[in-house]
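The lines below spell out each chain.
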Amino acid sequence: MMWDRLNSRQRSYLLACFREDQEAERRVRAARSAYQDPGPASAWRKLPFSIKAELPFAEYTTIQRRLHEDGCLDAGAGATLHALARRGLLKITEDRIDVPEVGLVARVLVELTRDGRACARAGLGISPEPRRPKHLLSGWLWGNLARVAAAGPEGLPEDVMGGKAKYYLGTGYRPNGKPSRGYIDSFAIRTEKGRGTFVLEYRWRITEAGRQHINAYRADYQTVYPDVQINAPDPL
């Protein structure tokens, strides 16, 4: 097992990164529960490890603080990270950020790989989390689809649709070059004024494809996302 081949220092660094990775996951779940788009995992999985500026201009990152508390933050941090990277447990990249009174400086980012998370869980004795079946939507998309379904024939106002959910659920979109699922569609609410007809607003309602998907996998969703319920005014 990979965990057994790591020394105590490497284990400390891996666990410090893992704990921050799990905090990032919790923040993403909170955003999705509020129908916000947290962005792609390729972005939020990249965790700040260090800022290349002298203290006190740049404070320790959360990961550095964890390591400092464990007594293993020193000049050899980079070598330890690269040792973990060579084992395929994390990836190291850099970007640049603006630090007051200093200017643009380099920032080191670490991103745990799937093997890295599995190794950390094994070291902590944590069972791996079950993976979501491919035929099910993410929790964020499922929550938005459930909201549209619950709105019934009157539809859900377009301006309350969560983030970019419409691009993945709505008809006629191609997010990342792939056709969207077509589970919801927009329609116009019109009003007559004078001699003309004007659009008051656009709303989203469930399509037949969306209705079929919900009916086919409702029980699966209730198991995977028990906090998200569909209270539709009419049977789907």
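Residues numbered from 1 in each chain as written. Predicted model: local features only at pLDDT ≥ 70, side-chain atom pairs only at ≥ 80, totals over all residues. Heavy atoms only, no water.

S.K.: Please set out the pattern of salt bridges residue by residue, giving values where relevant.
M.R.: A complete count under the given rule lists 12 salt bridges for this structure. In this structure, Arg9 engages Asp74 in a salt bridge whose closest nitrogen and oxygen atoms are separated by 2.6 Å. Residue Arg9 is found in helix α1 (residues 8-33), and its partner Asp74 is found in the loop between α3 (62-69) and α4 (77-86); the two are separated by 65 residues along the sequence. Judged by its relative accessible area of 24%, Arg9 is partly exposed. Residue classification places Asp74 among the partly exposed residues on the basis of a relative accessible area of 42%. Of the charged contacts in the structure, one is a salt bridge between Arg26 and Glu23, with a shortest N-O distance of 2.7 Å. Of this pair, Arg26 and Glu23 both sit in helix α1, three residues apart, which is roughly one turn of the helix. The exposure class of Arg26 is partly exposed, given its relative accessible area of 41%. Each of Asp21, Glu25, Arg29, Arg45 and Arg117 takes part in salt bridges that share partners, so that together they form one network. (Salt bridge = Lys/Arg side-chain N within 4 Å of Asp/Glu carboxyl O. Helix = DSSP H or I, 4+ residues; strand = E, 2+ residues; numbered from the N terminus. Buried < 20%, exposed > 50% of the residue type's maximum accessible area, 1.4 Å probe, protein only.)

S.K.: Before we move on, could you go through the nonpolar core and cite the residues and values that matter?
M.R.: One finds Tyr13, Leu14, Phe49 and Ile63 to be the most contacted residues of the largest nonpolar core, which totals 26 residues. Breaking this core down by element, the ones donating at least two residues are α1, β1 (47-51), α3, α4, β3 (103-112) and α5 (114-124). Among the elements that line this core, the one with the most residues is α1, at eight residues. Leave out the neighbours within four places in its chain, and Leu14 touches Trp3, Leu6, Leu84, Leu89, Leu112, Gly116, Cys119 and Ala120. With 21 residues, the next largest nonpolar core counts Leu136, Leu145, Ala149 and Ile214 among its residues. (Core = buried A, V, L, I, M, F, W, Y, C linked by side-chain atoms within 4.5 Å. Contact = heavy atoms within 4.5 Å.)

S.K.: Provide a residue-level description of the layout of surface pockets, including the pertinent values.
M.R.: Space inside the largest pocket adds up to approximately 2200 Å³. Lining the largest pocket are 47 residues, and of these Arg32, Arg132, Ser138, Gly139 and Tyr225 lie nearest its centre. Looking at the lining of the largest pocket, the elements with two or more residues in it are α1, α2 (41-44), α5 and α6 (139-151). In terms of residue count, α6 provides more of the lining of the largest pocket than any other element does, six residues in total. Each residue belonging to the lining of the largest pocket can be placed in one class, and the counts come to 22 nonpolar, eight polar and 17 charged. By volume, the second largest pocket is sized at about 210 Å³. Along the walls of the second largest pocket sit 14 residues, with Phe49, Ser50, Gln64, Asp74 and Ala77 positioned nearest its centre. (1 Å grid on protein atoms, 1.4 Å probe; cavity = no way out; pocket = protein on both sides within 12 Å on 5 of 7 lines; lining within 4 Å. Points joined across faces, edges and corners; volume = space filled by probe spheres on them. Nonpolar A, V, L, I, M, F, W, Y, C, P; charged D, E, K, R; others polar.)

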